[in-house]
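As a plain string of letters, each chain reads:
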Amino acid sequence: MERWYVRKLKEGLETKHFIILVGPRQTGKTTALTQLNQYLKAEGKAVAYINLENPLVLQEVNKHPEHLLNYTDFFRLPEGEKLFLLVDEVQYAADPSNLLKFLYDEYHDRLKIIATGSSSFYIDRKFGDSMMGRKRLVQSGTLNFTEFLHFSGNDALMDELDKLAQNPQYRSLQEPKLKNLLEQYLTYGGYPEVVLATDEKEKQMVLQGIGTSIIKKDLLDSGLTDDLKFAQFLRLLAGETGKQTNLNSISKSLKINNKKAEEMMYVARKSFIIETISPFFRNFRKELTKMPKAYFIDSGLRNFLINDFRRPSLRQDKGEVLENYVFRLLWDSYSTDQLHHWRTADQYEVDFVIENNREKGMAWEVKWDGETSLSSGQKKFAETYENFPLKKLCWQNPDANSIEILSVAGGTKQG
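To start, this report covers the structure provided alongside it. No experiment lies behind these values; they were computed from the predicted model shown. (Residues numbered from 1 in each chain as written. Predicted model: local features only at pLDDT ≥ 70, side-chain atom pairs only at ≥ 80, totals over all residues. Heavy atoms only, no water.)

Turning next to helix H1 (residues 4-11). Inspection of H1 places Trp4, Tyr5, Val6 and Leu9 among the buried residues, and these make up the whole buried set. Next to the buried residues of H1 lie strand E1 (18-22), helix H2 (29-42), strand E4 (111-117), strand E5 (135-139) and helix H6 (145-151). (Buried < 20%, exposed > 50% of the residue type's maximum accessible area, 1.4 Å probe, protein only. Helix = DSSP H or I, 4+ residues; strand = E, 2+ residues; numbered from the N terminus. Contact = heavy atoms within 4.5 Å.)

Here it is, written out as structure tokens:
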């Protein structure tokens, strides 16, 4: 089964840029390269696959970037023929930016590299301005809900989801089944191995293995050493989903200094465990401008951290679960610099503000139960920012006969 970004990779094969696929561990990036390898061979292209987790290969590549090509037929290809080189885990190179820059500058007319990287903090720190104009980033997360339906064998429901996305007033006979599957997705998330697990106990065991592995590997790659503190840090964030993140308070709770807490936040973000959104403001005196809000890229990983795998409808934090899901929908469709939250000194707030440009955008307020009418604080936002239309989104809208969240569940899918 192909993820949405495989098509994106195929579409970029004929461009001059090197392509870098980044995303969480264990979400199918190596599988994507395998599928791309098969596709290119079927097209009659010259193709090679190299994994930089191999220490012998890595040792040679770190001596000189050109040594990477010694593991291919590049220098034996006929004049004018291009090699498609698939490089897995490129972040393990001592200087991945220099590696790709050298190969691009020397051979880009005859060499096309498609590389993957799991821990984006390496790519972020080392892929600096030297790769400007030479690379294209494709960013992925765990499976979105549309992909979840495909991977769980519910392709027939994808058309229903599209109809709901195109027409929120559409009444589907499949709504109960879609609601049940969406609750399952909110509970166990979108790691492919978890989705493919056959029962709930197996899903929980797989999530435990993935969560533990991610914490240890990303911590090791980052240079941080205390995996217990890092796990506790993530657990605190999971319990505060949708609230403003106060690193001073977290530092005191964990008995660590602020610099250490900032480093942990950086590693969590750049490892695709969480993402933060900044405050939206125009009035410095009335609107709070400092603390971000943190959300988890995968809801199953969040539930693993707080050890709660009950269905959202049975939980006290069901509102936070739904808010985290809506964040993920928006994260799939907008860059993080377009996503914000709004809060004033008077405690008025709106969950999400999407800033298409400085003068206009849209806003969302998320509630599990509630009517579509706005609160006084939300009305204040609507009056202040007329070019940012505000919509209130509920799991079950009592003013309609449909599950309102399903009308947007398929509306922002990747690809």
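Now, onward.
To continue, consider the environment of lysine 259. Looking at the secondary structure, you find lysine 259 in helix H13 (residues 258-270). Among the residues examined, lysine 259 registers a relative accessible area of 59% and is labelled exposed. Note: C-alpha distance between lysine 259 and asparagine 248 (eleven residues apart in sequence) is 9.9 Å.

So, on to the layout of surface pockets. Gaps between atoms show up when a probe of the same size as a water molecule is rolled over them. Each pocket or cavity is described by its volume, and for the largest pocket that value is around 530 Å³. Taken together, 22 residues form the lining of the largest pocket, with Val22, Leu137, Gln139, Phe272 and Glu275 sitting closest to its centre. For the lining of the largest pocket, the secondary structure elements donating two or more residues are helix H5 (120-126), E5, H13, strand E6 (274-279) and helix H15 (318-333). Its residues placed into classes, the lining of the largest pocket shows eleven nonpolar, six polar and five charged. The wall of the second largest pocket is formed by 15 residues, among which Arg25, Gln26, Thr30, Glu89 and Ser118 lie closest to the centre. If you list the elements that add at least two residues to the lining of the second largest pocket, you get H2 and helix H10 (200-222). For the lining of the second largest pocket, the element with the highest residue contribution is H2, accounting for three residues. For the lining of the second largest pocket, a count of residues per class yields no nonpolar, nine polar and six charged. (1 Å grid on protein atoms, 1.4 Å probe; cavity = no way out; pocket = protein on both sides within 12 Å on 5 of 7 lines; lining within 4 Å. Points joined across faces, edges and corners; volume = space filled by probe spheres on them. Nonpolar A, V, L, I, M, F, W, Y, C, P; charged D, E, K, R; others polar.)

Read from one edge to the other, the open sheet built from five strands follows the order E2-E3-E4-E1-E5, with strand pairing classed as parallel. Here the strands that pair on one side only, and so sit at the sheet edges, are strand E2 (46-51) and E5. Between one strand axis and the next, the sheet turns by 15 degrees as a mean value, whatever way the strands run. As paired elements, strand E3 (residues 83-88) and E4 share five bridges and run parallel to each other. Note that in E4 the partner of leucine 83 across the bridge is leucine 111. Contacting E1, E4 and E5, H1 crosses the sheet at an angle of about 165 degrees to E5. Packed onto the sheet, H2 meets E1, E2, E3 and E4 and runs at close to 165 degrees relative to E3. (Pairing = 2+ DSSP bridges. Axes fitted to C-alpha atoms, helices over the stretch in contact; angles between N-to-C directions.)

Before going further, it helps to examine the packing of aromatic side chains. In the structure shown here, the tally under the stated rule is 19 aromatic pairs. Measuring from ring centre to ring centre gives 5.2 Å for phenylalanine 18 and tyrosine 104, while their planes differ by 80 degrees; the resulting arrangement is edge-to-face. Separated by 86 residues along the polypeptide, phenylalanine 18 in strand E1 and tyrosine 104 in helix H4 (residues 96-107) bring together distant segments of the chain. Neither residue differs from the other here; phenylalanine 18 and tyrosine 104 are each classed as buried. Arranged with centres 6.1 Å apart and planes meeting at 80 degrees, the rings of tyrosine 385 and phenylalanine 388 form a pair that is edge-to-face. For the pair tyrosine 385 and phenylalanine 388, a shared accessibility class is recorded, and that class is buried. These aromatic residues form a ring-pair network of at least three members: Phe280, Trp342, Phe381, Tyr385 and Phe388. Across from the ring centre of tyrosine 39, 4.5 Å away, lies the NZ or CZ of lysine 10, which sits over that ring. One residue, arginine 110, lies across the ring of phenylalanine 74, its end atom 4.6 Å from the ring centre. (Phe/Tyr/Trp six-rings, centres within 6.5 Å; stacked < 30°, edge-to-face > 60°. Lys NZ or Arg CZ within 6 Å of the ring centre and 35° of its normal.)

So yeah, pure geometry; function would need other evidence.
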